[in-house]
Amino acid sequence: MRNRWLALVAVALGTFMTYLDNNVVNVALPSIQSDLHLSISGLEWIASAYILVFAGLLLVGGRVADVFGMRPMFFAGLGIFTAASIAAGLAGSQEMLIGARAVQGVGAALLTPTALALLTELFPDPKERGAAIGIWGGVGALALAIGPLTGGYLSQHASWGWIFLINAPIGLATAILAALSIPASTRKATNRSLDLPGLATSALALFALTYGLIEGESRGWTSGVILASFALAAFAAIGFVVIERRTEHPMVDLNFFRLRVFSGGLATMGLWAFGVFGIYFFTAIFLQNVLGFSPTEAGSAFIPMALLMAVMATLAPRLEARFGAGRTVAAGMALMAAGVGGLATVGEGSGYTDLLPWFLVFGLGGGLLVPLNNVVLSALPQARAGIASGMLNVSREVFGLLGITILGAILSNRENAATGAPLHRFLDGYQFALVIAAALVAAGVPIALVALRRLRTPETTATTETPELQPA
């Protein structure tokens, strides 16, 4: 426990790697396509394979960590992710690169929920834990800034393979730090049942849902494949609920959703991700198509916003201690909504200086969401920290994809209905989509105020095996 701050560095680096690979590929895709002579579908799957497997296995990763222990699963996820990154960087064909990206998703699904859950064990003191999660959140925000910039710079000035190979030294350093600092006696669940039917149905539901969201735009939302994918997701989700209600040792106790903090926290996290993922994706297109930025310049444009988000993430626990989690998170959602709404006012003839103030407002609010992680994790027993972290990450990934999907559909419909030059029609669709996004993010303000009222002290929650249920 004397090395817990060193362990925090290892945990943060592990999370940094997985978050980085969520967005490092996008701006490097043209270089990859030129080098490997890829088809359009192959190009899409280089980006999608990672997200599909990552999102699909997050609950599995969280439950496995609860059963077998945080430390071994952290090393397992780190090893798989690092090895797959090396394979991706050295890939000489479309098939090898897509396969390596999928295996990266397996490693990330083990590593990400385990990393956050480890902080609840390494920092049992609520004040220290809040500070640690703030630092962890700040490092995650930095990945949002460094990802597009790294991908653009390396693909433009070196080789696209290096966007994956840089994970090798980071993974090695993380492994050394973790071996020296993460204790071997991290707690395991008293219930050692994996609940295989629950694991299978949850993974199938998330795989099918994620696939439908990724492929819906290109294949058509009413195509047979996409409709079948959503139907499969719905049936698998229903099967999961039935299994969890009937099994003696469920991986997810559905009564947890009656906890106002837990269910409201997941909803708020989802709305946060909806805004962040959607804004990054479509504003990157706006910067290049409307303002004429190069890929590297477009990636650099997000740095001030992400840096401010990282700084606020480290300060947010202090604000939470003074004003409470509900008010802190609600203020963050309100600032994010204002930032998105402000971006919707920027049009043709504008420059980066017109965008920057709204970027900063958005970053200021985004960093204030960090206490949400601590409050939601503290709402469940310590032995369920892995699955709680997994569900937080599922909410983030799935709602992030929903943000890209829904805003993309709104943008396209508005663009097709508009008249004039193509640039003007795109801008009309982009601005309208941002207005819708601002309204949805703003919906998180009352949810946070109502749901995140402190039910009891973190000390009590951390040591209680069965939480007192409060109706959601």
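One numbering rule holds for all chains: residues counted from 1, following each sequence as written. Two thresholds apply to this predicted model, a pLDDT of at least 70 for residue-level local features and 80 or more for giving and counting side-chain atom pairs, whereas whole-chain, interface and lining totals are computed over all residues. Side-chain calculation: all heavy atoms of the structure are included, whereas hydrogens and water are not.

1. Looking at the overall build of the protein
Test applied: By the criteria applied, helices consist of DSSP H or I runs no shorter than four residues and strands consist of E runs no shorter than two, each listed in order from the N terminus. Here the radius of gyration uses the C-alpha set of atoms, whereas the globule reference equals 2.2 Å times the residue count to the power 0.38. With a 1.4 Å probe rolled over the protein chains alone, any residue whose accessible area is under 20% of its type maximum counts as buried; one over 50% counts as exposed, and the rest are partly exposed. For the accessible areas, the method is Shrake-Rupley and the probe is 1.4 Å, while residue cover comes only from the protein chains on display. Just so you know, the count uses Lys and Arg for positive and Asp and Glu for negative, and it drops His and the chain ends. Every charge is mapped to an atom, namely NZ of Lys, CZ of Arg, CG of Asp or CD of Glu.
When helices and strands are tallied, the protein shows 21 helices and zero strands. The C-alpha atoms of the protein give 21 Å as radius of gyration, which agrees with the globular expectation for 472 residues (23 Å, within 12%). When its C-alpha atoms are laid out on the principal axes, the protein stretches across 60 × 50 × 45 Å. Counting every position in the protein, which comprises 472 residues, the buried fraction comes to 58%. Surface summary for the protein: the accessible area is close to 17800 Å², and the carbon and sulfur share equals 66%. Put simply, the protein has 25 plus and 24 minus side-chain charges, and the middle of one group is 11 Å from the middle of the other.

2. Observations concerning the nonpolar core
Stated formally: The nonpolar core is taken to be a set of buried Ala, Val, Leu, Ile, Met, Phe, Trp, Tyr and Cys residues, with the residues joined through side-chain atoms within 4.5 Å. Only heavy atoms enter the contact rule, under which two residues are in contact if any of them lie within 4.5 Å.
The biggest cluster of nonpolar side chains holds 152 residues, and the ones touching the most others in it are Val-11, Ile-32, Phe-74, Leu-97, Phe-286 and Leu-287. The biggest single contributor to this core is helix H12 (residues 260-289), with 16 residues. Those residues in contact with Phe-286 that sit more than four places away from it in its chain are Leu-291, Val-346, Leu-355, Phe-426, Leu-427 and Tyr-430.

3. Topic: helix H11 (residues 224-246)
Side chains three or four residues apart in an α-helix point the same way, a direct result of the helix having 3.6 residues per turn. Test applied: Here the expected span of a helix is defined as 1.5 Å times the quantity of residues minus one.
Compared with an ideal rise of 1.5 Å per residue, which puts 23 residues at 33 Å, H11 spans 33 Å between its outermost C-alpha atoms and is within 8% of the ideal. All of the buried residues along H11 are Ile-226, Ser-229, Ala-233, Ala-236, Phe-240 and Glu-244.

4. Considerations on the environment of Leu-401
Mapped onto the elements of the fold, Leu-401 is located in helix H18 (residues 385-417). Of the residues examined, Leu-401 reaches a relative accessible area of 9% and is grouped as buried. Distance in space between the C-alpha atoms of Leu-401 and Ala-330 is 22 Å, their sequence separation being 71 residues. Residues contacting Leu-401, with those up to four places away along its chain left out, are Ile-51, Thr-210, Leu-213 and Ile-214.

5. Details of the packing of helix H7 (residues 126-157) against helix H14 (residues 303-323)
Let me state the cut-off plainly: Whenever a helix is involved, its axis is fitted only over the stretch in contact; in every case the axis is a line through C-alpha atoms, and angles between N-to-C directions fall within 0 to 180 degrees. When an angle is under 35 degrees it counts as roughly parallel; over 145 it counts as roughly antiparallel; between 65 and 115 it counts as roughly perpendicular; any other value is oblique. Note that Gly is not counted as nonpolar here; it falls among the polar residues with everything else outside the nonpolar set of Ala, Val, Leu, Ile, Met, Phe, Trp, Tyr, Cys and Pro and the charged set of Asp, Glu, Lys and Arg.
Between H7 and H14, the shortest axis-to-axis distance is 7 Å and the interhelical angle comes to 175 degrees. When the interaxial angle is binned, H7 and H14 end up roughly antiparallel. Contacts from Gly-130, Ala-131, Gly-134, Ile-135, Gly-137, Gly-138, Ala-141, Leu-142, Leu-144, Ala-145 and Leu-149 of H7 reach H14 at Ile-303, Ala-306, Leu-307, Met-309, Ala-310, Ala-313, Thr-314 and Pro-317. Residue classes in the contact of H7 with H14 are distributed as 14 nonpolar, five polar and no charged.

6. Some remarks on the side chain of Thr-328
Within the element layout of this structure, Thr-328 appears in helix H15 (residues 325-343). Looking at Thr-328, the relative accessible area reads 4%, which means it is buried. Once residues within four sequence positions are removed from consideration, Thr-328 is found in contact with Ala-316, Leu-319, Glu-320, Phe-323, Leu-368 and Pro-371.

7. Points about the environment of Gln-288
Mapped onto the fold, Gln-288 is located in helix H12. Sequence separation between Gln-288 and Leu-315 is 27 residues; the distance between their C-alpha atoms is 33 Å.

8. A short note on the packing of helix H4 (residues 58-68) against H18
Here is the rule we go by: Whether a crossing is left-handed or right-handed is set by the direction in which the near helix is turned from the far one by less than a right angle, anticlockwise for left-handed and clockwise for right-handed.
In contact at an axis separation of 7 Å, H4 and H18 are set at 165 degrees when each is read in the N-to-C sense. Overall, the two elements H4 and H18 adopt an arrangement that is roughly antiparallel. The handedness of the crossing between H4 and H18 comes out as right-handed. Mapping the contact onto sequence places Leu-58, Leu-59, Gly-62, Arg-63 and Asp-66 in H4 and Ala-385, Gly-386, Ile-387, Gly-390, Met-391, Asn-393, Val-394 and Glu-397 in H18.

9. Here's the deal with helix H19 (residues 422-442)
With 21 residues, H19 should reach 30 Å at 1.5 Å per residue; the first-to-last C-alpha distance of 30 Å fits that figure. In this fold, the buried residues of H19 make contact with H12, H15, H18 and helix H20 (444-451).

10. Here's the deal with the pattern of salt bridges
The following threshold applies: Every case where a carboxyl oxygen of Asp or Glu lies within 4 Å of a side-chain nitrogen of Lys or Arg is listed as a salt bridge.
Enumeration according to the criterion identifies three salt bridges in this entry. Among the salt bridges present, the one from Arg-4 reaches Glu-128, with a minimum N-O distance of 3.0 Å. Taken as a pair, Arg-4 in helix H1 (residues 4-23) and Glu-128 in helix H7 lie far apart in primary sequence, 124 residues in all. Its relative accessible area of 24% is what places Glu-128 among the partly exposed residues. Residues Arg-396 and Glu-397 are paired through a salt bridge, measuring 2.9 Å at the closest nitrogen-oxygen approach.

11. As for the packing of aromatic side chains
Let me state the cut-off plainly: Whether two aromatic rings pair depends on their centres lying within 6.5 Å, for rings of Phe, Tyr and Trp, where Trp uses its six-membered ring; planes under 30 degrees apart make the pair stacked, over 60 edge-to-face, and the rest tilted. Criterion for a charge above a ring: Lys NZ or Arg CZ within 6 Å of the ring centre, and within 35 degrees of the ring normal.
As enumerated under the stated definition, the model contains twelve aromatic pairs in all. Plain terms: the ring middles of Phe-426 and Tyr-430 are 6.2 Å apart, the flat faces sit at 10 degrees to each other, and that makes the pair stacked. Here Tyr-430 and Phe-426 lie together in helix H19, a separation of four residues that amounts to about one turn. Using a relative accessible area of 1% as the deciding quantity, one classes Tyr-430 as buried. Sitting over the face of the ring of Phe-432, Arg-414 holds its NZ or CZ atom 4.3 Å from the ring centroid.

12. Brief notes about the environment of Leu-8
Summarising the element assignment, Leu-8 is placed in helix H1. The buried category is assigned to Leu-8, whose relative accessible area is 4%. A C-alpha to C-alpha distance of 26 Å links Leu-8 and Val-398, two positions 390 residues apart in sequence. If we skip the residues at most four places from it in the chain, Leu-8 touches Leu-119, Phe-123, Ala-132, Ile-135 and Trp-136.

13. Quick notes on the confidence of the model for the protein
Atomic detail in the predicted coordinates should be set aside for any region of low pLDDT. Just so we agree on the cut-off: What pLDDT expresses is the predictor's confidence in each residue, scored from 0 to 100.
Here the protein shows a mean pLDDT of 81. Residues at 70 or above account for 92%. The secondary structure element of the protein with the lowest average pLDDT is helix H21 (residues 458-463), at 39, and the one with the highest is helix H5 (residues 70-89), at 93. Of the regions scoring below 50 in pLDDT, residues 455-472 engages in 38 contacts with residues more than four places distant in sequence or in other chains.

14. Comments concerning a nonpolar patch on the surface
Quick note on the threshold: Patch criteria: residues need more than 30% relative accessible area and no salt bridge. Like-charged residues are merged within 9 Å; nonpolar side chains of Val, Leu, Ile, Met, Phe, Trp and Tyr are merged within 5 Å.
Taken together, the side chains of Leu-6, Val-9, Leu-172, Ile-176 and Leu-180 present a nonpolar region at the surface, about 450 Å² in accessible area. Within the residue set of the nonpolar patch, elements represented by two or more residues are H1 and helix H9 (167-181). With three residues, the single largest contributor to the nonpolar patch is H9. Tracing the chain through its elements places Leu-172 in helix H9. Among the residues examined, Leu-172 registers a relative accessible area of 55% and is labelled exposed.

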